[in-house]
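What the coordinates show
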Amino acid sequence: MSARRQLAAILLLIALAPASVAGQGRIRNARTETRSAAQGLEREVRSLAARAGVTWIGYQVPMVAGPRQMCCFDSISDNADVCCGTCRLESGSGVSMNTGDSVSRRGSRIALEPATEFLVMARLENGAVVRVRTFTPDCEIDAGAVALVWLTDVKPDDSVAWLTSIVLASPESGEPHDRAGKTALAAIALHNVASADRALESFVSAASPARPEWLRGETAFWLGSARGDAGARLLTRMIAQDPSEKVRDKVTFGLSVSKTPSALSALINAARNDQSRKVRGQALFWLAQRAGKDAVATVSAALDNDPDIEVKKKAVFALSQLPGDEGVPKLIEVARSHRSPEVRRQAMFWLGQSHDPRAIQFFEDILLKK
């Protein structure tokens, strides 16, 4: 191809690309104006919220390290299971977060480098923030012809403080329809600044006034999935000190998604020692998803030593979740020799569900009394 044709092709691609302002991502079909938030984000939002009708605001902030792509399942395309097409800003509901190193869904856009920033967008109506959404800059967004004010000069710490005010204004019950508070919480966790750790710590603090259970439980997930060592330290404290069985149950999941070694140690300790049989059982379940020698040893110890039969049954289920080379032999061992008939029956049930040739041979041996 000649140099002239190459230049023409490049100019055509630029012409066809969605219009965007620097730092604004790939937003189209919006009535956009740009304002500076150098004097404070909360001040600008308060001024814009006084406008009549609906206004969206948006800005860009640094994101914690990791291969994350935030875009939509509810693409404008007819094929709803494809991520990521164009997101509808007003009517869309689903945002997927792909955190793998490879594209997990057919049709996904491949990013050459992990995003280091993300977009925070909020819908202002009748003087209030009624919705918060987050996207990575590679996501194409159709704004549906709404008014969009793009804010520049946003300080990340100001963003954390403003989003914190939205979280703390959420209903105590944490009903699922309160999307603004829960998405604001997720957005805080994705900020690559130390003030995000301090905000999350304040959400799970036992100091008066106590934070509602929904907030402590939701925060636990983001501590594990996004906040590294700092998050693991807070989760370890929560699993030891939070008085709510419901919250500690959520904490086991947060520990399971953390990649920090100390989180695995805290999860093992919860499986062995938590006062709640429900929490011990959930810790066993999530340990099995992690697999590994430590997980197998802890699950086996629960089968032998836990005083609660329901926890023992949960341990049997956990064995069924281990990879076949680890789980099936252990299930056969339990089915043959465990002292509890109920536990042996559970092991046989899950062996039957495995369809593993070794399980079939075990049942043949039992039937033939070998």
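Residues numbered from 1 in each chain as written. Predicted model: local features only at pLDDT ≥ 70, side-chain atom pairs only at ≥ 80, totals over all residues. Heavy atoms only, no water.

1. Digging into the state of the cysteines
Counted under the stated rule, the structure contains two disulfides. A sulfur-sulfur distance of 2.1 Å marks the disulfide that ties C71 to C139. Judged by the sign of its S-S torsion, about 75 degrees, the bond between C71 and C139 is right-handed. Placement of the pair is C71 in strand 4 (residues 69-72) and C139 in the loop between strand 8 (128-135) and strand 9 (140-142), with a sequence separation of 68 residues. (Disulfide = S-S within 2.5 Å. Helix = DSSP H or I, 4+ residues; strand = E, 2+ residues; numbered from the N terminus.)

2. Side note on the confidence of the model for the chain
Of the residues in the chain, 81% have a pLDDT of 70 or more, and the chain-wide mean is 84. The secondary-structure element of the chain with the lowest mean pLDDT is helix 1 (residues 3-16), recorded at 45, while helix 5 (residues 194-203) shows the highest, at 97. Residue range residues 75-82 is modelled with pLDDT below 50. Its contacts to residues more than four positions away, or to other chains, number 15 contacts. In this model residues 101-108 is a low-confidence stretch, pLDDT under 50, and it forms 18 contacts with partners more than four residues away in sequence or in other chains. (pLDDT = per-residue confidence, 0-100. Contact = heavy atoms within 4.5 Å.)

3. What about the side chain of R248?
Mapping R248 onto the fold places it in helix 8 (residues 245-257). Here R248 falls in the buried class, since its relative accessible area comes to 3%. At 3.0 Å, the side chain of R248 and the backbone oxygen of D242 are in polar contact. Once residues lying within four places of it in the same chain are set aside, the contact partners of R248 are M238, I239, D242, P243, D274, Q275, S276 and V279. (Buried < 20%, exposed > 50% of the residue type's maximum accessible area, 1.4 Å probe, protein only. Polar contact = N/O pair within 3.5 Å; in protein donor to acceptor, adjacent residues only side chain to side chain.)

4. Comments concerning the packing of aromatic side chains
Counted by the stated rule, this structure contains nine aromatic pairs. Plain terms: the ring middles of F317 and W350 are 4.9 Å apart, the flat faces sit at 55 degrees to each other, and that makes the pair tilted. You can see F317 sitting in helix 12 (residues 309-321) and its partner W350 sitting in helix 14 (residues 341-354), a full 33 residues away along the chain. A relative accessible area of 22% places F317 in the partly exposed class. Residue W350 is classed as partly exposed on the basis of its relative accessible area, which comes to 22%. Each residue in the set F221, W222, F253, F285, W286, F317, F349 and W350 is aromatic and connected to the rest through ring pairs, giving one cluster. (Phe/Tyr/Trp six-rings, centres within 6.5 Å; stacked < 30°, edge-to-face > 60°.)

5. Let's talk about the nonpolar core
Residues I57, Y59, L151, W162, L163 and I188 are the most contacted members of the largest nonpolar core, which totals 87 residues. Per element, the largest residue contribution to this core is eight residues, and it comes from helix 4 (residues 179-190). Not counting residues within four places of it along the chain, the set of residues in contact with Y59 comprises L41, F118, L119, V120, W150, L151, V154, S159, W162 and L163. Listed in part, the 15 residues of the second largest apolar core include C71, C72, C139 and A143. (Core = buried A, V, L, I, M, F, W, Y, C linked by side-chain atoms within 4.5 Å.)

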